[in-house]
Amino acid sequence: MTHDGDAGVPGSLARVLAEVAAERAAQDERWGMQELPDGTGGARTTAESDLARQETETAAPYGEDGGDEVPARIRDQRHVLAEEVLEAFAEADPDRLRAELIQVAAVAVKWAQALDRRPTGPDQRRDVLGRPSADSAAASPDRFRAIVDVHVVLLRGDELLLARRSGTGYGDGLWHLPSGHLEEGEPATDGAAREAAEELGVTIDPADLTFAHVMHRAPDRVGLFFTTGKWTGEPYNAEPHKCSEIAWWPVHALPADMIDYPAAALANILGRIPFAQHHWSTSP
């Protein structure tokens, strides 16, 4: 028996919440903390909320198939989440809006957990109500998913470019390589070129990036490091809300106040070491 919101899969809630936290960190790294107006409330959003609630109430609960006939509309995850989202949109009071947003997040997490419980494999037959058929494959164990980040080493003779982080909540005041998270469906070299454009305002042809190093950082990070000596445009601090300055440093005299893992990766690149593991325990 499982408890505490695990929804039938031990550890499920903790796993999904960890993924939510990682996604939040990735959003902050890319866009920072954006202060935007709520844009909620008003007669139109109230009407939309009432309509969503009515659709949910009139849809047949999951599994109530009325005997041999399938109902025209079955209550599904979309109904539930849409109702919660539109109820949030209808709220103008900040306290009530916050409470509704928490409910939205809880429903979204529960839906993700439901996806984790579904069978996997070649046989995924389901009945007309969406339920696994009697001979469908049993659910397989959860698979680990790493967070991939890409790093760019811009080389100018015997110098490379570093940026000093600021206002991000991670490594602020320390030097780091231009870097960021790889986006879904994005080739690694395209992601590295994108990050260089976003942070330094330069244009790099992905074909001009050379793979130099991969680092597996405990517990769930994989960093890909690329070098290049070709780009278009003069590098500048294109994200002053996340970076206080950029500077060229001699490759053999890098600053002592660097974030530890890019410093280790650069040492490995200079030593022509293609792979390393970082912050993993060496104990058995």
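Residues numbered from 1 in each chain as written. Predicted model: local features only at pLDDT ≥ 70, side-chain atom pairs only at ≥ 80, totals over all residues. Heavy atoms only, no water.

Draft legend 1. Main features of the overall build of the protein chain. Of the regular secondary structure elements, the protein chain holds 6 helices and 8 strands. Sequence-ordered secondary structure for the protein chain, helices as α and strands as β, is α-α-α-α-β-β-β-β-α-β-β-β-α-β. In the protein chain, which comprises 284 residues, the proportion classed as buried is 34%. Long-range contacts, defined here as pairs at least 24 residues apart, represent 65% of the contacts in the protein chain between residues at least 6 apart. Accessible surface for the protein chain amounts to roughly 16800 Å². Of this, 55% is attributable to carbon and sulfur atoms. (Helix = DSSP H or I, 4+ residues; strand = E, 2+ residues; numbered from the N terminus. Buried < 20%, exposed > 50% of the residue type's maximum accessible area, 1.4 Å probe, protein only. Contact = heavy atoms within 4.5 Å. Areas by Shrake-Rupley, 256 points an atom, 1.4 Å probe, with all protein chains shown as cover.)

Draft legend 2. Structural view of the side chain of His181. As for its placement among the helices and strands, His181 is situated in strand 4 (residues 179–181). A polar contact is formed between the side chain of His181 and the side chain of Arg221, at a distance of 2.8 Å. Setting aside residues no more than four positions away along its own chain, His181 makes contact with Ala26, Glu29, Ile147, Val148, Asp149, Arg194, Glu195 and Arg221. (Polar contact = N/O pair within 3.5 Å; in protein donor to acceptor, adjacent residues only side chain to side chain.)

Draft legend 3. Structural view of the packing of helix 1 (residues 12–31) against helix 4 (residues 94–117). It is the contact of helix 1 with helix 4, at a shortest axis distance of 10 Å, that shows an interaxial angle of 120°. The angle between helix 1 and helix 4 falls in the class oblique. Where helix 1 crosses over helix 4, the handedness of that crossing is right-handed. Note on element contacts: helix 4 touches helix 1 through Val109, Ala112, Gln113 and Asp116, opposite Ser12, Leu13, Arg15, Val16, Leu17 and Val20. Looking at the contact of helix 1 with helix 4, its residues break down into 6 nonpolar, 2 polar and 2 charged. (Axes fitted to C-alpha atoms, helices over the stretch in contact; angles between N-to-C directions. Parallel < 35°, antiparallel > 145°, perpendicular 65-115°, else oblique. Left-handed = near helix turned anticlockwise from the far one by under 90°. Nonpolar A, V, L, I, M, F, W, Y, C, P; charged D, E, K, R; others polar.)

Draft legend 4. The arrangement of the nonpolar core in detail. Phe225 and Leu266 are the most contacted members of the largest nonpolar core, which has 16 residues in total. Elements with a minimum of two residues in this core: strand 2 (159–165), strand 5 (210–217) and helix 6 (260–270). Per-element accounting of this core gives the leading share, 4 residues, to helix 6. Ignoring any residue separated from it by four or fewer positions in sequence, one finds Phe225 in contact with His151, Leu177, Thr210, Phe211, Ala212, His213, Met215, Tyr261, Ala265 and Ile269. Residues Leu200, Val202, Leu224 and Phe226 belong to the second largest nonpolar core, which totals 15 residues. (Core = buried A, V, L, I, M, F, W, Y, C linked by side-chain atoms within 4.5 Å.)

Draft legend 5. Summary view of the environment of Trp280. Mapped onto the elements of the fold, Trp280 is located in the segment after strand 8 (275–278). By relative accessible area, Trp280 is classed as partly exposed at 38%. Trp280 sits 61 residues away from Pro219 along the chain, and the two C-alpha atoms are 7.6 Å apart. Within the structure, Trp280 has its side chain in polar contact with the backbone oxygen of His216 (distance 3.0 Å).

Draft legend 6. Quick look at unusual backbone geometry. Cis geometry marks the peptide bond from Ala218 to Pro219; its omega dihedral reads -5°. In this fold, Pro219 is placed in the loop between strand 5 and strand 6 (221–228). In this structure, Arg272 takes a positive phi of about 55° despite not being glycine. Its place among the elements puts Arg272 in the loop between helix 6 and strand 8. Unlike most non-glycine residues, His279 shows phi in positive territory, near 65°. On the secondary structure map, His279 appears in the segment after strand 8.

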